[in-house]
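Residue-level structural notes
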Amino acid sequence: MKRVLITGGASGLGAALAARFTARGDRVLVTDVNLQAPDRLDITSESDWAAALERVRDELGGLDILVNNAGIAAGGRIDRLSAEHWQRVLTVNVLGAVTGCRTFTPLFKEQGSGHIVNVASAAGLMHPPSMSSYNASKAAVVALSESLRYELGAWGVAVSVVCPSFFRTNLAQSLSGDDPQMEQGAVRLINGARRGADEIAARVVRDVDARRFLILPDSDGRVAYRAKRFARFLYDRKMFALGAKIRRDERAEVPHE
């Protein structure tokens, strides 16, 4: 039996992961900014994280798996995104995960064991146009995870980073509206995805059990990742084609005289 804390666990992938862990007999503490106390956890709040740590110590007597799942979606062309947009995306997606890792690392060191699971995105590995803020935030989570893997391994602490591609979830509800045209495309991809959160969660739990570092839970993400690594010219050609389409669509937005 594992002791698990999941952020963003009220819906989407977080809820699917909680169901998977619970079904096999793990003790799961589900937290989310949209829940009432004591389960409410705003990942941007140092005090909320401190309270979560205290609760873990009191109720669970320690922790085996920390799942930093909470985050927000983002998209848009660089010249359409405000400074406030960038601040929000980086604060939630990057500093939220960082604060969780900072909070629970001392406990994991005390125990001489633990597993940090950071949920990033395929966008942390592949970086299509018109998604610069989201790409940057998720790439930072990948880099954070790799760094901590080497830093904490000597204490017996494992680290995994989860990089799913598009799957059906409610993540699109967190889009900020800075560039609605680009965001509409992201919504279509999310809503039209072949896979649901439960299918992604099943692969994630399996790979966490195997203590795999890079978890690519769907075939689309694995294919894209291999293409970038081993067929870079094809990957670049596809990305430049997407950029060219964005330019054509943008020119079509300008009314003719």
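Above this text you will find the structure in question.
Parameters at a glance
Residues numbered from 1 in each chain as written. Predicted model: local features only at pLDDT ≥ 70, side-chain atom pairs only at ≥ 80, totals over all residues. Heavy atoms only, no water. Helix = DSSP H or I, 4+ residues; strand = E, 2+ residues; numbered from the N terminus. Contact = heavy atoms within 4.5 Å. Lys, Arg positive; Asp, Glu negative; His and termini not counted. Charge placed at Lys NZ, Arg CZ, Asp CG, Glu CD. Phe/Tyr/Trp six-rings, centres within 6.5 Å; stacked < 30°, edge-to-face > 60°. Buried < 20%, exposed > 50% of the residue type's maximum accessible area, 1.4 Å probe, protein only. Axes fitted to C-alpha atoms, helices over the stretch in contact; angles between N-to-C directions. Parallel < 35°, antiparallel > 145°, perpendicular 65-115°, else oblique. Left-handed = near helix turned anticlockwise from the far one by under 90°. Nonpolar A, V, L, I, M, F, W, Y, C, P; charged D, E, K, R; others polar. Polar contact = N/O pair within 3.5 Å; in protein donor to acceptor, adjacent residues only side chain to side chain. Expected span 1.5 Å × (residues − 1). Salt bridge = Lys/Arg side-chain N within 4 Å of Asp/Glu carboxyl O.

With that settled, consider the overall build of the protein. A tally of helices and strands in the protein yields eight helices and six strands. Dimensions of the protein along its principal axes, counting C-alpha atoms only, are 70 × 40 × 30 Å. Once local pairs closer than 6 in sequence are excluded, the contacts in the protein between residues at least 24 apart make up 71%. Charge-centre separation for the protein: the mean point of 34 positive side chains lies 8 Å from the mean point of 29 negative side chains.

What the rule picks out here adds up to two aromatic pairs. Arranged with centres 6.2 Å apart and planes meeting at 75°, the rings of Trp49 and Phe104 form a pair that is edge-to-face. Here Trp49, found in helix H2 (residues 46-60), pairs with Phe104, found in helix H3 (residues 83-111); they are 55 residues apart in sequence, far enough to count as distant. In this structure, Trp49 and Phe104 share a single accessibility class: buried. Relative to Phe108, the ring of Phe104 lies with its centre 6.5 Å away and its plane at 40°, an arrangement referred to as tilted. Taken together, the residues span about one helical turn, with Phe104 and Phe108 both in helix H3 at a distance of four residues. When its relative accessible area of 0% is taken as the criterion, Phe104 is described as buried. Note on Phe108: relative accessible area 1%, which makes it buried.

So, about the packing of helix H1 (residues 12-23) against helix H6 (residues 197-209). Viewed as axis vectors pointing N to C, H1 and H6 meet at an angle of 55°, and their least axial separation amounts to 8 Å. Put simply, H1 runs oblique to H6. The crossing of H1 and H6 is right-handed. Of the residues in H6, those touching H1 at Gly12, Leu13, Ala16, Leu17, Arg20 and Phe21 are Ala197, Asp198, Ile200, Ala201, Ala202, Val204 and Val205. Looking at side-chain class alone, the contact of H1 with H6 contains ten nonpolar, one polar and two charged residues.

Secondary-structure assignment places His115 in strand S4 (residues 114-119). Accessibility expressed as a relative area gives 4% for His115, which makes it buried. A distance of 2.8 Å separates polar atoms of two side chains, one belonging to His115 and the other to Ser160. Residue contacts for His115: discarding those within four places in its chain leaves Asp64, Ile65, Leu66, Phe108, Val157, Ala158, Val159, Ser160, Val208 and Arg211.

Moving on, we come to helix H4 (residues 132-152). Three- or four-residue spacings in an α-helix give side chains the same orientation, since the helix completes a turn every 3.6 residues. The end-to-end C-alpha distance of H4, which contains 21 residues, comes to 30 Å, matching closely the 30 Å that a straight helix rising 1.5 Å per residue would cover. When H4 is considered as a whole, its buried residues turn out to be Ser133, Tyr134, Asn135, Ser137, Lys138, Val141, Val142, Leu144, Ser145, Leu148 and Leu152. Elements that come into contact with the buried residues of H4 comprise H3, S4 and strand S5 (157-162).

A cis amide bond links Ala37 with the next residue in sequence, Pro38, at an omega value of 5°. With a phi close to 65°, Ser130 is a non-glycine residue in the positive phi region. Residues other than glycine seldom take positive phi values, yet Arg211 does so here, at roughly 55°. Note that Arg211 resides in the loop between H6 and strand S6 (214-215).

Evaluated as defined, the whole model comprises 19 salt bridges. For the salt bridge of Glu46 with Arg102, the shortest nitrogen-to-oxygen distance reads 3.0 Å. Residue Glu46 is located in helix H2, and its partner Arg102 is located in helix H3; the two are separated by 56 residues in the primary sequence. With a relative accessible area of 47%, Glu46 lands in the partly exposed category. The residue Asp207 makes a salt bridge to Arg203 at a minimum N-O spacing of 3.2 Å. Highlighted residues: Asp207 and Arg203, both in helix H6, separated by four residues, approximately one helical turn. Its relative accessible area of 2% is what places Asp207 among the buried residues.

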